[in-house]
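# Observations on the three-dimensional arrangement
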Amino acid sequence: MPASAANNRPEDLTARLGVGAGAAQGEALLKALREVKNQIIGNKTKKLLYLHLGAVPKIVSVLAAAAASSSSDSGGISRGGDAAVIVQAAAAIGSFACGVEDGVRAVLDAGAVPHLTSILSHDDEKVVDAGARSLKMIFQSELAPKYDVLQEKNLNFILSLLDSDNENVTELAASIIAHSCETNEQQKALCDAGVLLRFVSLLGGSSNQKDGCLESIAAVIKNNPEVSSRFSCTGNGKALNALANLIQDRYPHTRLLACKCLIAVGHASPCYVEELQIKTKLVLVLVELLEEPGRVGNEAPFSLKTLIADDEELHKQALSVNAIEKLCSILQMSSVQARRLQGILLALAELCSKLEKCRCQLMSPQVLNLIVDALKHDCMDVRVAACDCIRNITRSLKNLSAGCLSSEAFIVRLVQLSHDPSTSVQIAALGALCNIVINCATRKSVLIKCGGVSQLVQLSKSMDSALRSRSVLALRNLMFLADITDKEFILKELTLCTLASLIYDSECSIQEQALALTSDLVDGCSQSVKHVLAEDSIILDAVMRQLQNASSIGVCIQGMFVLSNIAAGSESDKDTVMNYLVPPHTDSCIPSFTIKFLQSKDILLRVASLWCFVNLTDPASVGSSRRVARLQDAGIVLQLKSMLNDPCLDCKLRVRMILEQCMELETAQA
């Protein structure tokens, strides 16, 4: 082995960093710094080795000593110090912080940021460049410290960087702002200080400078209508025109960032980016960027998803430029990086959320198998995205029977994901299961056999309200149109006590789903009504208490559907409901909700309430005459007569049906 190679072993180089570390000069030290820097650039393994050897604190000590020795008597930094040592030390520190979180952590722990900041005022431009570049690499990490711009000292520091003629320094300022700007107050403070105006003036600079400015603009205007509006009005639209021009820039990364800025403006202040033409152009640019390698291709699907979110017209535009075809083509590549795979699946999920045409394009066995395979991916975010994609594909009932989506193994896999250590994955998996089990006896049977019901019941008791909500919705869909055997099994696993507690849940959405589950339990199945009346009517009491006290319209609607379904049962069931609605011998004490619901402005609540009275006044039931008399005494028939011209046709038909039944019963008695 040549002597020079032996001397450049990481262990030897690290040891040499300690020799004369307090001195500002030293050829050996300079060579050691340069060699360490050259060895670690683009080499993660070498970086980790040097981190293990403790090289970073030594290099930071070298930087601190060199910067201190170059200070003049007046406190400023002069050219008298060893600029070469500072440059190499700063470059090495930046390399350690580039792309390796352990490296960033080591740099921060060694206290490098204050020393790098101090050399930004050095007389030597090379030193300033090295310090600024190193700090930029640090501030690309989430671990980097955040500057609270609401503090005057921090804001003035950032403004001083922005006023620099050095591009590396202005890029550093942009990096700090993009990393640190998080609140509306911070956005407004930066806008008030003229930061956005400065960024617009810098958009004509180098590619790196443009990119830094665009990232910061997006951060400052994101979800802030006031700041976004002020930015959009800058120079009578000059700022927006600059962004529109940059989506056609020669550099893909710049095009992507310009798209992100326009999307941020469009979401915060829709009136400034409302023309379909500019949105269509954004769709086209982002679809083209999907095929770009590296970071641009990884991030483009996320921006596409954000742009077209909940916009059916933009979904059509994306479909017309073959967005799904391109996304599926990338999906089928031999090796797709996790970040890109997540973005592709989320973009596909969004595109499948509204249009059947979009869903149909995903029904090839190859694509479906890849989406199902993603359920097993090591990355949590990919598993979530795959579940979201499947949930939206299965919004179409005909797709539920397609290929692998109808297989037992697929359903079992989703049930397994409901045990995932990540709550996000559990919630996403439950969302997919909710669609899959809603209308197919075979899939319901598979879910029951693989222990899915037991797991759903356990999750319905979770402290996480989102998990409770999704699990109860899945149980509701499982109960929907289930046969009597499956209903009995589900209820046995759930227990009446748990169902009652869900009806009383602190979250209105969960109360609503629990009542809907109860409604599906008794729907079309008179044998199931006995469970609602069991254990001293624990379930029916819970339903009535919620009807009397609930503030949510949805809870009231589902509660009335429970009563309506019970009232569709036997004579005894009808009397039970009647006694709850109009207690015997206490006609003057009618529960306030009975007539109030009939007078509600909510159509569905009126419909649900009317169906209950349709079933209570069924002429084929022997006790209906008696119940009609009680309804008349309670003033309910009078209320029904006032609804003969209800603006809702469904309500009008139900009212006439009830009144005709009442008249038929009166005629029969006469």
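Residues numbered from 1 in each chain as written. Predicted model: local features only at pLDDT ≥ 70, side-chain atom pairs only at ≥ 80, totals over all residues. Heavy atoms only, no water.

## Comments concerning the overall build of the protein
Assigned secondary structure in the protein consists of 41 helices and zero strands. A compact globule built from 670 residues would reach a C-alpha radius of gyration of about 26 Å, whereas the protein, at 34 Å, exceeds it by more than 25%. Projected onto the principal axes, the alpha-carbon positions of the protein cover approximately 115 × 60 × 45 Å. Looking at the 670 residues of the protein, the share that counts as buried comes to 54%. By sequence separation, contacts in the protein at least 24 residues apart represent 69% of the contacts at least 6 residues apart. Of the side chains in the protein, 64 bear a positive and 71 a negative charge, and the two mean positions are spaced by 3 Å. (Helix = DSSP H or I, 4+ residues; strand = E, 2+ residues; numbered from the N terminus. Rg over C-alpha atoms; globule rule 2.2 N^0.38 Å. Buried < 20%, exposed > 50% of the residue type's maximum accessible area, 1.4 Å probe, protein only. Contact = heavy atoms within 4.5 Å. Lys, Arg positive; Asp, Glu negative; His and termini not counted. Charge placed at Lys NZ, Arg CZ, Asp CG, Glu CD.)

## A look at the nonpolar core
In terms of nonpolar packing, the biggest core is built from 226 residues, with Phe-96 and Leu-563 touching the most fellow members. Examining the composition of this core, we find that 10 residues originate from one element, helix H6 (residues 83-97), more than from any other. In this structure Leu-563 touches Leu-540, Val-543, Met-544, Leu-547, Val-577, Leu-581 and Cys-612, once residues within four positions along its chain are discounted. (Core = buried A, V, L, I, M, F, W, Y, C linked by side-chain atoms within 4.5 Å.)

## Details of the side chain of Asn-166
Relative to the elements of secondary structure, Asn-166 occurs in the loop between helix H10 (152-162) and helix H11 (167-180). Polar contacts involving the side chain of Asn-166 include one to the main-chain amide nitrogen of Asn-168, which spans 2.8 Å. Among residues more than four places away in sequence, those in contact with Asn-166 are Glu-125, Val-128 and Asp-129. (Polar contact = N/O pair within 3.5 Å; in protein donor to acceptor, adjacent residues only side chain to side chain.)

## Looking at the domain arrangement of the protein
A common way to report how large an interface is uses the accessible area buried once the components associate. With domains assigned, the protein is organised as domain 1 (1-69 + 80-145) and domain 2 (499-669). Averaged C-alpha coordinates put domain 1 and domain 2 at centres separated by 76 Å. (Domains from an automatic or database assignment.)

## Remarks on the packing of aromatic side chains
Under the definition given, this model contains three aromatic pairs. Aromatic pair Tyr-147 and Phe-157: ring centres 5.6 Å apart, planes at 20°, arrangement stacked. With Tyr-147 in the loop between helix H9 (125-139) and H10 and Phe-157 in helix H10, this residue pair connects regions lying 10 residues apart in the sequence. The exposure class of Tyr-147 is buried, given its relative accessible area of 16%. Between Phe-593 and Phe-597, the ring centres sit 5.3 Å apart and the planes meet at 45°, which makes this aromatic pair tilted. Of this pair, Phe-593 and Phe-597 both sit in helix H37 (residues 592-598), separated by four residues, roughly a single helical turn. In this structure, Phe-593 and Phe-597 share a single accessibility class: buried. (Phe/Tyr/Trp six-rings, centres within 6.5 Å; stacked < 30°, edge-to-face > 60°.)

## A look at helix H38 (residues 603-616)
With 14 residues, H38 extends 20 Å between its outermost C-alpha atoms, agreeing within 8% with the 20 Å of an ideal straight helix rising 1.5 Å per residue. Among the 14 residues in H38, 11 count as buried, and that is most of the element. Buried within H38 are the following residues: Leu-605, Arg-606, Val-607, Ala-608, Ser-609, Leu-610, Cys-612, Phe-613, Val-614, Asn-615 and Leu-616. The N-capping residue of H38, defined by a side-chain oxygen 3.1 Å from the backbone nitrogen of Leu-604, is Asp-602. (Expected span 1.5 Å × (residues − 1).)

## Overview of helix H25 (residues 380-393)
Between the first and last C-alpha of H25 there are 20 Å, a value that for 14 residues agrees with the 20 Å anticipated at 1.5 Å per step. H25 sits mainly inside the fold: 11 of its 14 residues count as buried. For H25, the full list of buried residues reads Val-382, Arg-383, Val-384, Ala-385, Ala-386, Cys-387, Asp-388, Cys-389, Ile-390, Asn-392 and Ile-393. Looking at the buried positions of H25, the neighbouring elements they touch are helix H22 (338-351), helix H23 (356-360), helix H24 (365-373), helix H26 (408-417) and helix H27 (423-436).

## Examining the pattern of salt bridges
Counted according to the given criterion, the structure contains 22 salt bridges. We note a salt bridge from Glu-11 to Arg-9, for which the minimum N-O separation is 3.5 Å. Residue classification places Glu-11 among the partly exposed positions, given a relative accessible area of 36%. Taking relative accessible area as the criterion, Arg-9 reaches 38% and is therefore assigned partly exposed. One salt bridge connects Arg-359 with Glu-356, and the closest N-O pair in it is separated by 2.9 Å. (Salt bridge = Lys/Arg side-chain N within 4 Å of Asp/Glu carboxyl O.)

## So, unusual backbone geometry
Most peptide bonds adopt trans geometry, and most residues besides glycine take a negative phi value. Even without being a glycine, Asn-223 presents a positive backbone phi close to 55°. If you trace the backbone, Asn-223 turns up in the loop between helix H14 (207-221) and helix H15 (225-232). Here the phi dihedral of Asp-536 falls at roughly 60°; this positive angle occurs in a residue that is not glycine. Note that Asp-536 resides in helix H34 (residues 529-549).

## Brief notes about the side chain of Asn-298
Summarising the element assignment, Asn-298 is placed in helix H19 (residues 294-308). Separated by 3.4 Å, the side chains of Asn-298 and Gln-337 make a polar contact. One polar contact links Asn-298 to Arg-340, side chain to side chain, over a distance of 3.0 Å. Once you skip the residues sitting within four places of it in the chain, Asn-298 turns out to touch Gln-337, Arg-339 and Arg-340.

## Notes on the confidence of the model for the protein
The predicted model of the protein has a mean per-residue pLDDT of 90, with 94% of residues at 70 or higher. Low pLDDT, under 50, characterises residues 72-81; the predicted model gives this stretch 17 contacts beyond four residues in sequence or across chains. (pLDDT = per-residue confidence, 0-100.)

## Things to note about the packing of H34 against helix H36 (residues 571-581)
Where H34 meets H36, the axes come as close as 12 Å, and the angle between the chain directions of the two elements is 25°. Considering the angle they form, H34 stands roughly parallel to H36. Of the two elements, H34 crosses H36, and the hand of that crossing is right-handed. On H36, the residues touching Val-529, Leu-533, Ser-537, Leu-540, Asp-541 and Met-544 of H34 are Asp-573, Thr-576 and Tyr-580. Across the contact of H34 with H36, the residue classes break down as five nonpolar, two polar and two charged. (Axes fitted to C-alpha atoms, helices over the stretch in contact; angles between N-to-C directions. Parallel < 35°, antiparallel > 145°, perpendicular 65-115°, else oblique. Left-handed = near helix turned anticlockwise from the far one by under 90°. Nonpolar A, V, L, I, M, F, W, Y, C, P; charged D, E, K, R; others polar.)

## Digging into the environment of Asn-224
With respect to the helices and strands, Asn-224 occurs in the loop between H14 and H15. Linking Asn-224 and Ala-268, residues 44 residues apart in sequence, is a C-alpha distance of 5.5 Å. Setting aside its immediate chain neighbours within four residues, Asn-224 contacts Asn-184, Gln-187 and Ala-268.

## Considering the environment of Asn-156
With respect to the element layout, Asn-156 can be found in helix H10. Remark: the alpha-carbon pair of Asn-156 and Lys-376, spanning 220 residues in sequence, is separated by 49 Å.

## Topic: the environment of Ser-121
On the secondary structure map, Ser-121 appears in the loop between helix H8 (112-118) and H9. Placed 10 residues apart in sequence, Ser-121 and Gly-131 show a C-alpha to C-alpha distance of 9.7 Å.

## Observations concerning the state of the cysteines
One pass over the full model with this rule turns up zero disulfides. In this model Cys-360 remains outside any disulfide bridge; the closest cysteine sulfur is found in Cys-358, 9.1 Å from its own. Assessed through its relative accessible area of 38%, Cys-360 is described here as partly exposed. No disulfide involves Cys-556; its sulfur sits 9.4 Å from the nearest other cysteine sulfur, which is in Cys-508. (Disulfide = S-S within 2.5 Å.)

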